[in-house]
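Analysis of the macromolecular model
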Amino acid sequence: MKRIQYYSYGGPETMRLEAFELKAPGTGEVAVKVKFAAINPIDWKVRNGYLKLMTGKTFPRAMGSDFSGIVTAVGSGVTRVEVGDPVFGMAQIRDGGALGEAVVAPQTFVARKPDSVSFEDAACLATPGVTAWNGLVDKAALESGKQVFVNGCTGAVGEATVQLAKMFGATVAGTCGAQATQRARDAGVEPLFDYRTSDLSKIRERFDVVYDTSGTMTVAAGLGLLRPGGLYLDINPTPAKFIRAIFNRRLKPIVCTAGAQILDGLASAAGDGKLRLPVAETVLLNDAIPLVTALETGRKLNGKALVAM
């Protein structure tokens with residue numbers, strides 16, 4: 001089997017498509033034959049060493065987090081899935097490996113794929129959906145009738161946030177680029193602002209939840225859009241923001257944290273047709289490194305990039 005690996009932290013030049021031997025799943029783990037993997041910014045952030053205090057110094061390391069596929073083996077204590085089940089999910093940050101023909105992940109990081117959801121669509125769900133859920137549900141405890149503002153509402157996390165917020169009965173406003181305006185309006189985002197030309201400080205309306213899903217807002221701008229008791233969710237956590245959040249309970253830095261209940265919730269939403277992220281481009285594994293490199297160096301897509309195994 002093959003997967004994308006690297007032997008030191010660094011830029012795109014460190015990636016290699018190489019043969020590897022998949023480890024047997026341990027206690028509470030499942031092995032999955034990957035059908036599709038989605039490319040996310042976290043993939044190259046990990047490879048660049050952004051999280052090396054967590055990921056350590058053992059090499060080679062494997063690339064990729066989000067996948068869909070078929071369970072081929074389970075470790076002891078696994079009860080959520082069985083061999084042969086179609087699943088989607090994410091690898092642990094410290095392990096990676098979704099950008100390969102097979103991957104091992106904790107059972108709590110996978111969920112059964114609904115029959116009505118394709119393997120392509122399922123591969124897109126995990127990181128954007130979990131991140132949206134972490135903010136809206138885990139931090140904000142979003143309720144029906146609340147008003148949500150999503151900065152970057154047509155990015156992957158932004159689209160997941162909009163769809164989940166609507167599913168929970170909230171109304172949604174937000175920002176996007178001019179080229180994505182119609183897609184945002186079709187998703188029910190109103191009012192809608194062009195992030196390139198709008199001064200967020202001049203927006204008069206105030207919101208129960210402001211979610212910066214693109215990581216481009218200042219904390220001051222985000223807090224300024226809140227009504228009393230509101231929360232500002234920040235997708236770009238830094239040590240300084242965590243310290244600031246201790247003293248200002250309205251600021252909630254978000255770290256993507258998967259769990260069985262969250263993945264099952266995403267599966268249910270996708271199965272009901274309430275959560276779907278568009279696919280913009282699909283390449284074979286042999287062509288994945290150039291696509292990862294292009295996205296890392298600034299190429300923009302109107303949807304997710306997938307790798308087919």
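What you are looking at is a predicted structure, and each value in this text was computed from that prediction instead of being measured.

1. Describing the overall build of the chain
When you go through the chain residue by residue, the secondary structure sums to ten helices and 16 strands. The C-alpha radius of gyration computed for the chain amounts to 19 Å, which stays within 12% of the reference 19 Å derived for 309 residues, consistent with globular compactness. Once the C-alpha set of the chain is aligned to its principal axes, its extents read approximately 55 × 40 × 40 Å. Going through the 309 residues of the chain one by one, you find that 53% of them count as buried. For the chain, the exposed surface amounts to about 13700 Å²; the carbon and sulfur share of it is 52%.

2. A word on the pattern of salt bridges
Pairing between side chains becomes possible if they bear opposite charge and their charged atoms approach one another. Tallied over the entire structure, the rule returns ten salt bridges. Between Glu190 and Arg185 there is a salt bridge whose closest N-O contact spans 3.4 Å. Residue classification places Glu190 among the exposed positions, given a relative accessible area of 51%. On the basis of relative accessibility, which here comes to 42%, the residue Arg185 falls in the partly exposed class.

3. Focus: the pairing of strand E5 (residues 66–74)
Sheet topology note: the strand E3 (residues 29–38)/E5 ladder contains eight bridges and is antiparallel. Along E5, the bridge assignment pairs Ala31 with Ala73. Relative to strand E6 (residues 86–90), E5 runs antiparallel, the two sharing five bridges. Bridged to Asp66 within E6 is Met90.

4. Notes on the sheet that holds strand E9 (residues 147–151)
With parallel pairing, six strands are arranged side by side in an open sheet as E11-E10-E9-E12-E13-E14. Single-partner strands in this sheet number two, and they are strand E11 (189–194) and strand E14 (251–253). Direction aside, neighbouring strands of the sheet carry axes that sit 15° apart on average. Bridge analysis of strand E10 (residues 171–176) against E11 gives four bridges, and the strand direction is parallel. Bridging across to E11, Gly174 finds its partner in Leu192. Running at roughly 155° to strand E12 (residues 207–212), helix H4 (residues 126–139) makes contact with E12, strand E13 (226–234) and E14 of the sheet. Across the sheet, helix H5 (residues 156–167) lies against E9, E10, E11 and E12, angled at about 170° from E9, the strand it touches most.

5. Remarks on a nonpolar patch on the surface
Together, Ile243, Ile246 and Phe247 make up an exposed nonpolar region whose accessible area comes to about 380 Å². For Ile246, the location among the structural elements is in helix H8 (residues 239–247). Classification of Ile246 as exposed rests on a relative accessible area of 56%.

6. Some points on the pairing of strand E16 (residues 304–308)
For E16, a buried count of five out of five residues is recorded, marking the element as mostly surrounded by other parts of the structure. Of the pairings in the sheet, the one linking E3 to E16 comprises three bridges and is antiparallel in character. Each bridged residue has a counterpart across the sheet, and for Ala37 the counterpart in E16 is Val307. Regarding topology, helix H10 (residues 288–296) serves as the crossover connection from strand E15 (residues 279–284) to the parallel E16, and that connection is right-handed.

7. Observations concerning the packing of H4 against helix H9 (residues 260–271)
Helices that pack against each other are described as a pair by the angle of their axes relative to one another and the distance between those axes. Between H4 and H9, the shortest axis-to-axis distance is 10 Å and the interhelical angle comes to 110°. When the axes of H4 and H9 are compared, the pair comes out roughly perpendicular. Two secondary-structure elements touch here, H4 through Ala126, Gly129, Val130, Trp133, Asn134 and Asp138 and H9 through Ile262, Leu263, Gly265 and Leu266. Residues that form the contact of H4 with H9 fall into these classes: six nonpolar, three polar and one charged.

8. Focus on the packing of H4 against H5
Running from N to C, H4 and H5 cross one another at 55°; their axes reach a closest spacing of 8 Å. Taken together, the axes of H4 and H5 lie oblique to each other. In this structure, H4 crosses over H5, and the sense of that crossing is right-handed. Contacts between H4 and H5 involve Pro128, Gly129, Thr131, Ala132, Trp133 and Leu136 from the former and Ala156, Val157, Ala160, Thr161, Leu164 and Ala165 from the latter. Grouping the amino acids of the contact of H4 with H5 by side-chain chemistry returns nine nonpolar, three polar and no charged.

9. What to know about the side chain of Gln92
Mapped onto the secondary structure, Gln92 falls in the loop between E6 and strand E7 (102–106). Residue Gln92 is classed as buried on the basis of its relative accessible area of 16%. Those residues in contact with Gln92 that sit more than four places away from it in its chain are Pro106 and Phe109.

10. Re the environment of Ile254
Mapped onto the fold, Ile254 is located in the loop between E14 and H9. Along the sequence, Ile254 and Ala132 sit 122 residues apart, while their C-alpha atoms lie 9.1 Å from each other. Once you skip the residues sitting within four places of it in the chain, Ile254 turns out to touch Thr131, Asn134, Gly135, Lys139, Tyr211, Leu233, Asp234, Ile235 and Pro237.

Here is what the cut-offs are and how they apply
By convention here, each chain's residues receive numbers from 1 onward along its written sequence. Where local features are concerned, this predicted model is filtered to residues with pLDDT of at least 70; where side-chain atom pairs are given and counted, the filter is 80 or more; whole-chain, interface and lining totals use all residues. Here the side-chain values reflect all heavy atoms present in the structure, with hydrogen atoms and water set aside. Think of it this way: any DSSP run of H or I at least four residues long counts as a helix, any run of E at least two long counts as a strand, and we number them from the N terminus. Note on method: radius of gyration uses C-alpha positions; expected globular size equals 2.2 Å times residues raised to 0.38. Think of it in three bands: residues with accessible area under 20% of the maximum for their type are buried, residues over 50% are exposed, and the middle band is partly exposed, with areas taken using a 1.4 Å probe on protein chains only. Method for areas: the Shrake-Rupley scheme with a 1.4 Å probe, in which residue coverage is limited to the protein chains shown. Counted as salt bridges are all cases of a side-chain nitrogen of Lys or Arg within 4 Å of a carboxyl oxygen of Asp or Glu. Strands are treated as partners if at least two bridges between them are detected by DSSP. Helix axes use the C-alpha atoms of the stretch in contact, all axes being lines fitted to C-alpha atoms, and the angles between their N-to-C directions lie in the range 0 to 180 degrees. A contact between two residues is defined here by any heavy atoms of the two lying within 4.5 Å. Like charges within 9 Å and nonpolar side chains (Val, Leu, Ile, Met, Phe, Trp, Tyr) within 5 Å are joined into patches, using only residues over 30% in relative accessible area that form no salt bridge. We call a crossover right-handed when, viewed with both strands directed away from the observer, the connection leading from the first strand over the helix to the second proceeds clockwise. Angles are sorted into four bins: roughly parallel if under 35 degrees, roughly antiparallel if over 145, roughly perpendicular if 65 to 115, and oblique for all others. Residue type decides the class: Asp, Glu, Lys and Arg count as charged, Ala, Val, Leu, Ile, Met, Phe, Trp, Tyr, Cys and Pro as nonpolar, and the leftover types, Gly among them, as polar. Left-handed describes a crossing in which the near helix is turned anticlockwise from the far one by less than a right angle; the clockwise case is right-handed.

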